[in-house]
Amino acid sequence: MPERVFNFYAGPATLPYDVIKEAAKGAVNFRNSGMSVMEISHRSPLFDEMFKQAQKDMLEVMNLSQDDYAVLFLGGGASTQFYTVPFNFLKEGMTADYVITGGWAKKALKEAKYFGNANIAASSEDRNFCYVPKTFQLTPGAAYVHTTSNNTLVGTQMKNFPETGDVPLVCDMSSDFLSRKLDFDRFSLIYAGAQKNIGPSGVTAVVIRRSWVESAREDVPTMPAYKTHVDKDSLFNTPPSFPVYVVGLVLKWIIEQGGLEAVEAANDKKAALLYDYMDDNSDFYSGTADKDSRSLMNVTFRLPSEDLEKKFVAESAAKNLIGLKGHRSVGGCRASIYNAMPYEGVEALVDFMKEFKRNN
Ligand SMILES: *Cc1c(COP(=O)(O)O)cnc(C)c1O
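So, a few notes on the structure that sits alongside this text.

**Section: unusual backbone geometry**
The peptide bond linking Gly-11 to Pro-12 adopts the cis configuration, its omega dihedral lying at -10 degrees. Unusually for a residue other than glycine, Asn-128 sits at a positive phi of about 55 degrees. Tracing the chain through its elements places Asn-128 in the loop between β4 (117–123) and β5 (145–148). Using a relative accessible area of 57% as the deciding quantity, one classes Asn-128 as exposed. Within the chain, Asp-233 stands out as a residue other than glycine whose phi angle is a positive 50 degrees. Along the chain, Asp-233 falls in the loop between α6 (226–231) and α7 (241–257).

Here's what the structure looks like:
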């Protein structure tokens, strides 16, 4: 095995190699303390400084202010946010709007129904989620509108978010968080499991508008209440300390790249290389998402037969291109090309695709 392969897994997923190497150092001896970052108290000044810097860097990258937004690093995965959002904000007699663009959005909707009325404001299930709806049936005075910015399983991405006026906009950004520049101040709550684009599994980033937290329901137990965590700057209880440390390193890496503008330009370039090749060879590699809804993060495609798809996955793996099998719910192939996937990785993939097509 080589020192490093090109890893196309959807999540947990590839991270910048420099971050991995730095994290390995911190895992042994954190900032010359003689202790691993895993061994230090979350109440120690050493930890506190690292933690607060990660929160600060997050807001800097997103161009948000600490006065308006709080950054929380929580456990339980993005899936825990599916019920935490309605638990806090779907008040008695109110309706929450959900935009259903894939399997994860459906899971979020299911949880909302435990707490109150949930309305489907738009859905692309009629065509197996291969596109992102552009019009929305919004409920006037809704509790919030819930969206999913990138649909990991089917490979679509929302380019235009609903105009919600005064209604708070919520977004599950798990699989494209910090991959592109957005007007983040349009959102009242953004959440993302770290393991797709910004770190290892075990921590979920929540960026929440402080003023909205003040209007949350009060009959929520301590841990699921956002207010608990906002009031304590996300240190109410022991945070997932090692994952947060790695997220902090990824944030530094993003800043070093030149921020989200630079990261987005690199992502555009990678996705264009792959999609352009696919479009020129659509007799063999057919993209499954509508062109105007294509994801820059998860590129989904089919080959002429399932046997060829199996062969493609096996032979690519033998060439150190790992994790190209599509999600079991949709089949086919999927190349996840998150922030940390180098351009060379996509080049190597396209070279392999050319060769595979020639031989088959
Ligand atoms: C992976 C994923 C989730 C689930 O994340 P967990 O951290 O495993 O709970 C939710 N939403 C989207 C869009 C995802 O890609």
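**Concerning helix α1 (residues 17–28)**
Its 12 residues place the ends of α1 17 Å apart at the C-alpha level, agreeing with the 16 Å of an ideal helix rising 1.5 Å per residue. Here α1 has its buried residues at Val-19, Ala-23 and Gly-26. Buried residues of α1 fall within an arc of 60 degrees about the axis and therefore sit on the same side. The exposed set on the far side of α1, more than 90 degrees from its buried face, consists of Asp-18, Lys-25 and Val-28. Close packing links the buried residues of α1 with α7.

**Some remarks on the side chain of Ser-188**
Locating Ser-188 in the fold gives a position in the loop between β8 (169–172) and β9 (189–193). If we skip the residues at most four places from it in the chain, Ser-188 touches Pro-168, Leu-169, Val-207, Ile-208, Arg-209 and Trp-212.

**Concerning the packing of α1 against α7**
Running from N to C, α1 and α7 cross one another at 140 degrees; their axes reach a closest spacing of 10 Å. In this view, α1 runs oblique relative to α7, as classed from their interaxial angle. Relative to α7, the crossing made by α1 is right-handed. Across from Val-19, Glu-22, Ala-23, Gly-26 and Ala-27 in α1, the residues of α7 making contact are Phe-242, Tyr-245, Val-246, Leu-249, Val-250 and Trp-253.

**Points about a negative patch on the surface**
Together, Asp-67, Asp-68, Asp-183 and Asp-185 make up a negatively charged patch on the protein surface. Asp-183 gets classed as exposed once you look at its relative accessible area, which sits at 55%.

**Things to note about the site of the ligand**
Near the ligand you find 13 residues, and of these Ser-79, Thr-152, Asp-172, Gln-195 and Lys-196 are the closest. Ala-78 places a polar main-chain atom, nitrogen or oxygen, 3.0 Å from an oxygen atom of the ligand. About the coverage of the ligand: the protein hides 88% of its 390 Å² of free accessible area. The greatest single-element share of the shell around the ligand, amounting to 4 residues, is contributed by helix α3 (residues 77–89). Residues that form the shell around the ligand fall into these classes: 3 nonpolar, 8 polar and 2 charged.

**Considerations on the sheet that holds strand β3 (residues 95–100)**
Spatially, β2-β10-β9-β8-β5-β3-β4 is the arrangement adopted by the 7 strands of the open sheet, whose pairing is mixed. At either end of the open sheet lies a strand with only one pairing partner, and these are β2 (69–74) and β4. For this sheet, the mean inter-axis angle between neighbouring strands, taken without regard to orientation, is 20 degrees. Bridge count for β5 against β8 is 4 bridges, and the pairing is parallel. Along β8, the bridge assignment pairs His-146 with Val-170.

Rules and cut-offs
Residues numbered from 1 in each chain as written. Predicted model: local features only at pLDDT ≥ 70, side-chain atom pairs only at ≥ 80, totals over all residues. Heavy atoms only, no water. Helix = DSSP H or I, 4+ residues; strand = E, 2+ residues; numbered from the N terminus. Buried < 20%, exposed > 50% of the residue type's maximum accessible area, 1.4 Å probe, protein only. Expected span 1.5 Å × (residues − 1). Arc of directions from axis to C-beta. Contact = heavy atoms within 4.5 Å. Axes fitted to C-alpha atoms, helices over the stretch in contact; angles between N-to-C directions. Parallel < 35°, antiparallel > 145°, perpendicular 65-115°, else oblique. Left-handed = near helix turned anticlockwise from the far one by under 90°. Patch = residues over 30% accessible without salt bridge, like charges linked within 9 Å, V, L, I, M, F, W, Y side chains within 5 Å. Areas by Shrake-Rupley, 256 points an atom, 1.4 Å probe, with all protein chains shown as cover. Salt bridge = Lys/Arg side-chain N within 4 Å of Asp/Glu carboxyl O. Lys, Arg positive; Asp, Glu negative; His and termini not counted. Charge placed at Lys NZ, Arg CZ, Asp CG, Glu CD. Near = heavy atom within 4 Å. Polar contact = N/O pair within 3.5 Å; in protein donor to acceptor, adjacent residues only side chain to side chain. Nonpolar A, V, L, I, M, F, W, Y, C, P; charged D, E, K, R; others polar. Pairing = 2+ DSSP bridges.

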